[in-house]
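Topology and contacts: notes
Chain residues, written in single-letter form:
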There are 2 protein chains.
Amino acid sequence: MAARLVDVARLAGVSPSTVSYVLSGNRPISEETRRRVEQSIAELGFRPHAGARSIRRQATNVIAMVLPMLSDGQSRVQMQFVFAVVHAARAKGMNLLLLTAEDGVAEINNVVGSAMVDGVIVMEVQLHDPRVPLLASIGRPAVLIGTPEDPGDLVHVDFDFAAAGAMCVQHLHDLGHRHIGFLGQSADTYAREAGYALRARSGALDEMAARGVPPVWSPAEASPAGVAEAIEDLFGQDPELSALVVYNEQALPLVLDRLAQLDRRVPGDMSLVAICPDDQAERLLPAVSDVALPAAELGRLAFERLAGLIAGETPPSTTLLEPQLNRRGSGGPPPPRR
Amino acid sequence: MAARLVDVARLAGVSPSTVSYVLSGNRPISEETRRRVEQSIAELGFRPHAGARSIRRQATNVIAMVLPMLSDGQSRVQMQFVFAVVHAARAKGMNLLLLTAEDGVAEINNVVGSAMVDGVIVMEVQLHDPRVPLLASIGRPAVLIGTPEDPGDLVHVDFDFAAAGAMCVQHLHDLGHRHIGFLGQSADTYAREAGYALRARSGALDEMAARGVPPVWSPAEASPAGVAEAIEDLFGQDPELSALVVYNEQALPLVLDRLAQLDRRVPGDMSLVAICPDDQAERLLPAVSDVALPAAELGRLAFERLAGLIAGETPPSTTLLEPQLNRRGSGGPPPPRR
DNA sequence: TTGAAAGCGATACCAG
DNA sequence: CTGGTATCGCTTTCAA
């Protein structure tokens, strides 16, 4: 039922190869012939069969992206990665296949092994990630979003989370704060060795240490109870806390709520800096100063690196986006001693 | 480099057809032969070439999902659709190809026309959606999430937004409220005739009318300023408002913030019911009563319908999930007259 | 229970 | 500038 290339050829009165060359542009075609062929293609609504094509070409024009584990649409950041990649891919006429991390290594093997995709983007890579050696060994184009402990030669792009954490502390310290807490991701994020979480935390804690600020931190679940607990924990460690670095996009609004409940005004009693997507910090009350997490940019970048690899280029194996601070209403000088 | 079927055959000392039959199970194979073949497959790490396979089979085992326009990961609901579909698909060994709505009808045509995918799921269908007639005409398996004005025979799944809107009003009215406002989606959502937005709104407004409640509503942008404006607008229309139906997941936290700013306590001064994903309402302070938007379930359902169509079944062309109310802390009796 | 061989739909080399 | 045809990797009929 679907028209095939031979049908087009017949209708246009040319040979199949000619039609193929009109399609690919790999050989000069007379104006007249091209017109007839294109006319026939339109008339029949012909589309080259992707599968048939992929067997002779060495490519499918499809790339795969591996979603993070347990992903039920929780995190905005992850979504932004995905959307940025789809859009970048579609803009270049490529298609995106989504894989879930649950089946992990096996699924990656499947889609690249069966030549379904030309390359793979893996997000949420962990410090010791079994997918990393796999990707290294299959030797097909692959890009990591995130930095494993040992990336080998694998191309990876990342945000400099350590610098981001340090920058937050530095900002608050510069405002005069000498008692700063770090409110981080959920405990199990650290447990599974998510690089971004570990690096942001140590970036912050190291900077605290370097500046003589007592290093205080707590993980936090993104629920009212979890946040309340984390904040209590932080104050327990240092009752003089006058500033918080929050790296937990989901918990951020709850942190504001909780501080309000505790009658700590932001920024009057407590200053805040977050590491999170910029539009998210901007929308809060008060708008929160942040080190913006450039998720969309990272996604776009990851795609570009992958496209480069597929095209046979040799992109830089490491790219680290530098943090930038956006000052908003949530930071101020520490309150006078009570 | 990648092992091919013939390589397996050679190594196992059998003919290619035998290998193929071992793979497909379409013909009895002696235990001994099967063992040798499977051994060879494992040894060579052989995976059948998906493209080559798709040209003889009538299927690719891949389905496409069309993302909404302008989607930058804004909406949780949309994400949940996507994740639900990927997971459902992966669980059945199928793969998901993501398309963006920007390239619209053309891209759908491309991927199904070129036999890249066995079927398509379209989300965020609008009342008059050009993709609907297209899908109807190509006659390939397709499922809509959402209900266009004229779905024809197209299989679609949806949440009963009209009933949801009505249920919210009913709940508040039953609590004693006689002045209820509806705070909806952004103005342009209505402008582009998003079915869910229009139906939820008219469900609510009709129910208000039926109960003698003055029908009051306002669209709202999901920003502090937008929400402030919408709330002012609502009070301008009816200063006696004691309850709000909020159908705007992104604005919901901002509504709470704004009411707090205006010194209206929830639920003391103002009752609230939201239409939004349940976990989102649950996480607020106070936890918000809601009519849960079953995004994940809709996504799963959409996939199942599509899988049915691909398998040659004839699933019901319409499926409407019924709303359900979750009572939480944000609803109470109206305050005594001031 | 197995093998030989004819395709599937498009591409690209070899000729002209 | 164009045509014939081998070929890609797998499936499936036909034959044994």
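Residues numbered from 1 in each chain as written. Chains lettered and ligands numbered in written order. Predicted model: local features only at pLDDT ≥ 70, side-chain atom pairs only at ≥ 80, totals over all residues. Heavy atoms only, no water.

A few words on the overall build of chain A. Helix and strand counts for chain A come out as 14 helices and 12 strands. Since a compact globule built from 338 residues should have a radius of gyration of about 20 Å, the 26 Å found for chain A marks it as more spread out than a globular shape. Across its three principal axes, chain A shows a C-alpha extent of roughly 90 × 40 × 30 Å. A separation of at least 24 residues holds for 70% of the contacts in chain A among residues at least 6 apart in sequence. Surface exposure of chain A reaches about 14200 Å², of which carbon and sulfur atoms provide 51%. (Helix = DSSP H or I, 4+ residues; strand = E, 2+ residues; numbered from the N terminus. Rg over C-alpha atoms; globule rule 2.2 N^0.38 Å. Contact = heavy atoms within 4.5 Å. Areas by Shrake-Rupley, 256 points an atom, 1.4 Å probe, with all protein chains shown as cover.)

All names here are of chain B. Summed over the entire model, instances satisfying the criterion amount to zero disulfides over all chains. The closest cysteine sulfur to the non-disulfide-bonded Cys-168 is located on Cys-276, 9.5 Å from its own sulfur. With relative accessibility at 0%, the residue Cys-168 sits in the buried group. (Disulfide = S-S within 2.5 Å. Buried < 20%, exposed > 50% of the residue type's maximum accessible area, 1.4 Å probe, protein only.)

Attention now goes to the protein's contact with DNA strand D. Inspection of the region around DNA strand D gives 26 residues, with Arg-27, Thr-33 and Arg-56 of chain A together with Leu-5 and Tyr-21 of chain B positioned closest. When atoms of DNA strand D within 4 Å of the protein are split into backbone and base, the sugar-phosphate part holds 51%. At a separation of 2.8 Å, a phosphate oxygen of DNA strand D approaches a polar side-chain atom of Ser-30 of chain A. A distance of 2.7 Å is found between a base oxygen of DNA strand D and a side-chain nitrogen or oxygen belonging to Arg-56 of chain B. Those elements that place two or more of their residues in the surface near DNA strand D are helix 2 (16-24) and helix 4 (50-56) of chain A together with helix 2 (16-24) and helix 4 (50-56) of chain B. (Near = heavy atom within 4 Å. Polar contact = N/O pair within 3.5 Å; in protein donor to acceptor, adjacent residues only side chain to side chain.)

With that settled, consider the protein's contact with DNA strand C. Residues in close proximity to DNA strand C total 28 residues, the closest being Leu-5 and Arg-53 of chain A together with Thr-18, Arg-27 and Thr-33 of chain B. At the protein interface, 53% of the atoms of DNA strand C within 4 Å belong to sugar or phosphate. Arg-4 of chain A has a polar side-chain atom sitting 3.3 Å from a phosphate oxygen of DNA strand C. Those elements giving two or more residues to the surface near DNA strand C turn out to be helix 2 and helix 4 of chain A together with helix 2 and helix 4 of chain B. Residue contributions to the surface near DNA strand C peak at four residues, all from helix 4 of chain A. Residue composition of the surface near DNA strand C, grouped by class: 10 nonpolar, 10 polar and eight charged. (Nonpolar A, V, L, I, M, F, W, Y, C, P; charged D, E, K, R; others polar.)

Our focus in this paragraph is the interface of chain B and chain A. Residue-level contacts link 47 residues of chain B with 48 residues of chain A. Taken together, both faces of the contact between chain B and chain A bury some 4300 Å²; the carbon and sulfur share is 58%. It is Arg-47, Phe-83 and Arg-283 of chain B that lose the most area in chain B upon contact with chain A, and together they represent 16% of the buried surface on that side. With a shortest N-O distance of 3.2 Å, Glu-107 of chain B and Arg-90 of chain A are connected by a salt bridge. Linking chain B with chain A are 13 residue pairs in polar contact (both at pLDDT 80 or more). Contributing elements (two or more residues each) for the side of chain B that touches chain A: helix 4, helix 5 (76-91), strand 2 (95-99), helix 6 (104-113) and helix 12 (252-261) of chain B. (Buried area = accessible area lost by both parts, 1.4 Å probe. Salt bridge = Lys/Arg side-chain N within 4 Å of Asp/Glu carboxyl O.)

Another aspect to go through is the relation of the copies chain B and chain A. The transform that puts chain B on chain A rotates by 180° and translates by 0.0 Å along the axis, for an RMSD of 0.2 Å. Given the turn and translation reported, the copies of this chain are related as if by a two-fold rotation axis. Interface residue correspondence from chain B to chain A reaches 100%, placing this contact among same-surface, isologous pairings. (Least-squares fit on C-alpha atoms with pLDDT ≥ 70 in both.)

When the UniProt feature table is mapped onto this chain numbering, "domain: HTH lacI-type" (unreviewed entry) sits at residues 3-57 of chain A. Between the C-alpha atoms that bound residues 3-57 of chain A the distance is 20 Å, and the span itself is 69% helix and 0% strand. (UniProt positions renumbered as here; feature names shortened; annotations may be inferred.)

Moving on to the packing of aromatic side chains. Think of a pair of aromatic rings as described by two things: how far the centres are apart, and how the planes are tilted against each other in angle. Per the counting criterion, the structure on display carries 10 aromatic pairs over all chains. Where Phe-159 of chain A meets Phe-161 of chain A, the ring centres are 5.1 Å apart and the plane angle is 90°; that geometry is what we call edge-to-face. For Phe-161 of chain A, a relative accessible area of 7% translates into the label buried. An aromatic cluster is built from Phe-159, Phe-161, Tyr-196 and Tyr-247 of chain A, whose rings are joined through pairwise contacts. Seen from the ring of Trp-217 of chain B, Arg-201 of chain B lies directly overhead, with NZ or CZ sitting 4.4 Å from the centre. (Phe/Tyr/Trp six-rings, centres within 6.5 Å; stacked < 30°, edge-to-face > 60°. Lys NZ or Arg CZ within 6 Å of the ring centre and 35° of its normal.)

All names here are of chain A. With mixed pairing, six strands are arranged side by side in an open sheet as 7-6-8-9-10-12. Taken across any chain shown, the strands that pair with only one partner, and hence form the sheet edges, are strand 7 (216-218) and strand 12 (325-326). In the sheet, strand 6 (residues 180-183) pairs with strand 8 (residues 243-246) via four bridges, with the strands oriented parallel. Its bridge partner lying in strand 8, Gly-181 is registered against Leu-244. Against the sheet, helix 8 (residues 161-174) touches strand 6, strand 8, strand 9 (271-276), strand 10 (289-292) and strand 12, its axis set at about 165° to strand 9. Contacts from helix 10 (residues 195-210) reach strand 6, strand 7 and strand 9 within the one sheet, and its direction differs from that of strand 6 by about 170°. (Pairing = 2+ DSSP bridges. Axes fitted to C-alpha atoms, helices over the stretch in contact; angles between N-to-C directions.)

Turning next to the pairing of strand 2 (residues 95-99) of chain A. In terms of residue burial, strand 2 of chain A counts as a mostly covered element, since five of its five residues are buried. Summarising the sheet, strand 1 (residues 62-66) of chain A and strand 2 of chain A pair through five bridges and their orientation is parallel. Note that in strand 2 of chain A the partner of Ile-63 of chain A across the bridge is Leu-96 of chain A. Here three bridges tie strand 2 of chain A to strand 2 of chain B, and the two strands are oriented antiparallel to one another. Bridging from a neighbouring strand, Leu-97 of chain A pairs with Leu-97 of chain B of strand 2 of chain B.

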